Amino acid sequence: MDILPSLPVDAATIRTLWGISMTAKNTKDFPYMEQLKQLEKTIVAHAPKGFEERLAEIHNYVYPPRVLQVGEEAVDAELLDMQGQKHHLSEVLGQQGKYVLLDFWGIGCGPCMMSEPEMSEVYERMKDKLEIVGINQNKLSEWQNHEFSKRIVWKNWNNATKDISCIYCDMGAIPYYVLISPDKRIVWKAVGYGPGWFFGITEALNGPKQDNSSNLQFAIRKVETKTNCTTISFRYYGHKNLWFRIAKESYLEANGKKYQMTAADGITPDVDEYPHVKASEATEGYLSNFCYTDFTLTFEPFDIIPTTFDFKEGNVEGAFVIRNISLK
């Protein structure tokens, strides 16, 4: 940043400024923001023609709009399809009571492409409840001509203006996923890809209403409230060789109180567990290794039956949390 002002304003300088601005966007409390703002202003003033799109992207990183968070209402944005026709996100939001999964991806992104088999299977299972909108981040011509782009079967659109990613994504990394409810609320956001995330969506959407913003590999399938206990049936999806663990300090929260876990069936708390029941009919390839585990946790009984409650796997950082679990 100290050197750039002394260099010619050319493609290399603008590319370097773009890298710095992306780092600033992805770094909390970036310590050189005022210097970056002045640098951006100087370079824009002397930039040759032909870099308008890249400079607009840099400006959005340096002066980012407020990013929507879980619980907030989704907003509209303009996108382009493979034929260059304009579309709006509002075409799918709130339509026919469906959830909408925004998939921000790019060509050359390994995890983006790794997630495609799981997303494809889930899309076929959940067409009546889930719409997927792929939002590509590459230049229009590169995206239109790529073989991977051509085989996408859900909404296949391009973020040519970059406006929508600045509104929905907390960082520039991809893949980035945003799940939006039928009432247009953001209920889940995640960066990267975890095996089982999308299989978990099938459980979360088919089970009791729940806001699972921590990890959709892990979902509630059934809740039973009794006079002497509350039992909850869970399912966890993942790669057969990747373990998960449920803390014995898990509890339910409702009525301003905590209701501690008293028993577990199907797993042992505080012990590494591996999903073992096949989740897909695939016999080869990455998807053939996807499995799930069903288990039941028992908790102290509610003294007053709530309308909704929360599940918390203890109070440690990174614990599974499922909020607003409905008993209606």
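Residues numbered from 1 in each chain as written. Predicted model: local features only at pLDDT ≥ 70, side-chain atom pairs only at ≥ 80, totals over all residues. Heavy atoms only, no water.

Caption draft 1: Fine view of the overall build of the protein. The number of helices and strands found in the protein is 9 helices and 15 strands. By the burial criterion, 49% of the 328 residues in the protein qualify as buried. Taking all contacts inside the protein whose residues are at least 6 apart in sequence as the whole, residues at least 24 apart take part in 65%. Of the roughly 15,900 Å² of accessible surface on the protein, 50% is carried by carbon and sulfur atoms. (Helix = DSSP H or I, 4+ residues; strand = E, 2+ residues; numbered from the N terminus. Buried < 20%, exposed > 50% of the residue type's maximum accessible area, 1.4 Å probe, protein only. Contact = heavy atoms within 4.5 Å. Areas by Shrake-Rupley, 256 points an atom, 1.4 Å probe, with all protein chains shown as cover.)

Caption draft 2: Examining the state of the cysteines more closely. Within the structure shown, the criterion is met by 1 disulfide. Two residues share a disulfide in this structure: Cys-109 and Cys-112, whose sulfurs sit 2.3 Å from each other. The S-S bond linking Cys-109 to Cys-112 shows a torsion near 80°; that makes this disulfide right-handed. Here the two residues Cys-109 and Cys-112 agree in accessibility, since each one is buried. Left without a disulfide partner, Cys-166 is nearest to the cysteine sulfur of Cys-169, which lies 8.4 Å away. (Disulfide = S-S within 2.5 Å.)

Caption draft 3: Seen up close, the environment of Leu-102. Tracing the chain through its elements places Leu-102 in strand 3 (residues 99-105). Residue Leu-102 is classed as buried on the basis of its relative accessible area, which comes to 0%. With residues near it in sequence (within four places) discarded, Leu-102 still touches Leu-89, Val-133, Ile-135, Tyr-168, Tyr-176, Tyr-177, Val-178 and Ile-180.

Caption draft 4: Main features of the packing of aromatic side chains. Throughout the structure, instances matching the rule amount to 25 aromatic pairs. Ring centres of Tyr-193 and Trp-197 lie 6.3 Å apart, and the angle between their planes is 80°; this geometry places the pair in the edge-to-face category. Side by side, Tyr-193 and Trp-197 carry an identical accessibility label, which is buried. Seen from their ring centres, Tyr-236 and Phe-244 are 4.1 Å apart, and the 20° between their planes marks the pair as stacked. A relative accessible area of 6% means that Tyr-236 is categorised as buried. Over the ring of Trp-18 we find Arg-54, and its NZ or CZ is 4.7 Å from the ring centre. We note Arg-235 situated over the ring of Tyr-292; from NZ or CZ to the ring centre the distance is 3.7 Å. (Phe/Tyr/Trp six-rings, centres within 6.5 Å; stacked < 30°, edge-to-face > 60°. Lys NZ or Arg CZ within 6 Å of the ring centre and 35° of its normal.)

Caption draft 5: Structural context of helix 9 (residues 197-206). For helix 9, a buried count of 9 out of 10 residues is recorded, marking the element as mostly surrounded by other parts of the structure. Taken as a whole, helix 9 has its buried residues at Trp-197, Phe-198, Phe-199, Gly-200, Ile-201, Thr-202, Glu-203, Ala-204 and Leu-205.

Caption draft 6: Just the pattern of salt bridges, in detail. The full count for this structure, using the stated rule, is 19 salt bridges. Residue Arg-221 pairs with Asp-294 through a salt bridge whose shortest N-O separation is 3.6 Å. Here Asp-294 lies in strand 13 (residues 290-299) and Arg-221 lies in strand 8 (residues 218-225), a separation of 73 residues in the sequence. Asp-310 is the salt-bridge partner of Arg-323, the closest N and O atoms lying 3.9 Å from each other. One end of the pair, Arg-323, is in strand 15 (residues 321-326); the other, Asp-310, is in strand 14 (residues 308-312), and 13 residues separate them in sequence. Judged by its relative accessible area of 37%, Arg-323 falls in the partly exposed class. Connected through salt bridges with shared partners, the residues Glu-203, Arg-221, Arg-235 and Asp-294 form a single ionic network. (Salt bridge = Lys/Arg side-chain N within 4 Å of Asp/Glu carboxyl O.)

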